[in-house]
There are 2 protein chains.
Amino acid sequence: MRLTKATDLALRVVMSLAATDPEPSTARRIADEMRVPYNHLAKVVARLQRMGVVETRRGRGGGLSLTDTGRTASVGRLVRDLEGAGDVVECEGDVPCPLRQACRLRSALRRAQEAFFASLDEVTLADLVAPPTGPVLLGLVGRPPSG
Amino acid sequence: MRLTKATDLALRVVMSLAATDPEPSTARRIADEMRVPYNHLAKVVARLQRMGVVETRRGRGGGLSLTDTGRTASVGRLVRDLEGAGDVVECEGDVPCPLRQACRLRSALRRAQEAFFASLDEVTLADLVAPPTGPVLLGLVGRPPSG
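The structure contained in this document is the topic of the report that follows. Because the structure is predicted, anything quoted here is derived from the model rather than measured. Within any chain, residue numbers begin from 1 and follow the written order of that chain's sequence. Naming scheme: in the order in which they are written, chains are lettered from A and ligands are numbered from 1. Where local features are concerned, this predicted model is filtered to residues with pLDDT of at least 70; where side-chain atom pairs are given and counted, the filter is 80 or more; whole-chain, interface and lining totals use all residues. With hydrogens and water excluded, all non-hydrogen atoms of the structure serve as input to the side-chain values.

## Quick look at the overall build of chain A
Scanning chain A from terminus to terminus reveals eight helices and two strands. Taken over the C-alpha atoms alone, chain A extends approximately 60 × 30 × 25 Å along its principal axes. Only protein chains enter the area calculation, which uses a 1.4 Å probe; residues under 20% of their type maximum are buried, those over 50% are exposed, and those in between are partly exposed. For chain A, buried positions account for 50% of its 147 residues. Whether two residues are in contact is decided by their heavy atoms, any of which lying within 4.5 Å being enough. If you take every contact in chain A between residues at least 6 apart in sequence, the share linking residues at least 24 apart comes to 65%. For the accessible areas, the method is Shrake-Rupley and the probe is 1.4 Å, while residue cover comes only from the protein chains on display. When the accessible surface of chain A is split by element, carbon and sulfur atoms take 50% of a total near 7100 Å². Note on conventions: DSSP H or I runs of at least 4 residues are helices, E runs of at least 2 residues are strands, and numbering of each starts at the N terminus.

See the structure below:
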């Protein structure tokens, strides 16, 4: 059972930004922190921008940071948006499942998927960067914990 | 968010067997019903045999059928066993995530995964082959609904 690689990276990006918030970062720096290829990370950042979760400001003091929407979104909301509404098994592939119009498994799996998202609805980005995670994130870029 | 292809096929196999239970079937027949390659399906059947969920009996009146364990297992139990205990994101891949020892996201995702399985713990194979699904399954192999 797997989330997409894009969702995985997107969650790491918003966690990194939340750990240093409101200080901005860059996609390059986060790629280095997370040891992932820059071009993969840049695509994910573009996706998060389209979702209104992060923004880039140019000039002195600029960079990549969370928007107010990003700061207040639940992890459940982010994962729902990133994963989309697809089935967890392939009902409608190149060879559609012959049961797909009358399938009690499909509806049971949809309820289970909703239970997965609902569990994450209870979690905020602030929860994710509470100790011990936040200080570890700050240590990755050599920044002392604030406060 | 996806279950593995093997889990997907395994669930279709046990649903097909449950629809005609206790009349046995064969891997070949189920592969035809589900329009999937026989060699993929045979691997999945071998896995279900090792799990004690299905059994093959030779000779007249023989074939592939559910075991008592298979008949009474919840869908949650089957999916847990088929999917294993891995993370839904890649924490320990070729380039392990630097946060993996102190990650609040990882524990939040594990709770969400458990909520997914727990939702399916409420569902039995008998639930999955209740109408309308069971009759559609029987129609795929040209067998009239029993009872």
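## A few points about the pairing of strand E2 (residues 63-66) of chain B
All names here are of chain B. As paired strands, strand E1 (residues 54-57) and E2 are joined by four bridges and run antiparallel to one another. Each residue of the ladder has a partner; that of Thr56, found in E2, is Leu64. Paired strands, in this sense, are two strands between which DSSP finds at least two bridges. Hairpin connection, E1 to E2: the antiparallel pair is bridged by five residues, and Gly59 has positive phi, about 90°.

## With respect to the side chain of Glu33 of chain A
Topologically, Glu33 of chain A is positioned in helix H2 (residues 27-34). Each polar contact in these results corresponds to two N or O atoms within 3.5 Å; when the atoms are within protein, one needs to be able to donate a hydrogen and the other to accept it, and residues that are neighboring in sequence are counted only if both atoms are side-chain atoms. At 2.7 Å, the side chain of Glu33 of chain A forms a polar contact with the side chain of Ser16 of chain A.

## With respect to helix H5 (residues 75-83) of chain B
Since the α-helix advances by 3.6 residues per turn, residues separated by three or four positions end up pointing in the same direction. Residues and elements named next belong to chain B. Here H5 lies mainly inside the structure; seven of its nine residues are buried. Among the residues of H5, Val75, Gly76, Leu78, Val79, Arg80, Leu82 and Glu83 are the ones counted as buried. Buried residues along H5 sit against helix H1 (5-20), helix H3 (38-50), helix H6 (104-121) and helix H7 (125-128). Where H5 terminates, the next one or two residues include Gly84, which has phi positive at roughly 75°.

## Quick word on the interface of chain A and chain B
On the side of chain B, 45 residues touch chain A, which itself brings 45 residues to the contact. Summed over both partners, the accessible surface that disappears when two parts come together, traced with a 1.4 Å probe, is what is meant by buried area. Between chain A and chain B lies a buried interface of about 4400 Å² when both sides are counted; carbon and sulfur atoms form 67% of it. When the area that chain A buries against chain B is broken down by residue, the three leading residues are Met1, Arg2 and Arg104 of chain A, summing to 19%. A side-chain nitrogen of Lys or Arg and a carboxyl oxygen of Asp or Glu constitute a salt bridge if their distance falls within 4 Å. Between chain A and chain B we count two salt bridges in total. Among the ionic pairs, Lys5 of chain B bridges to Glu90 of chain A, the shortest N-O distance being 3.9 Å.

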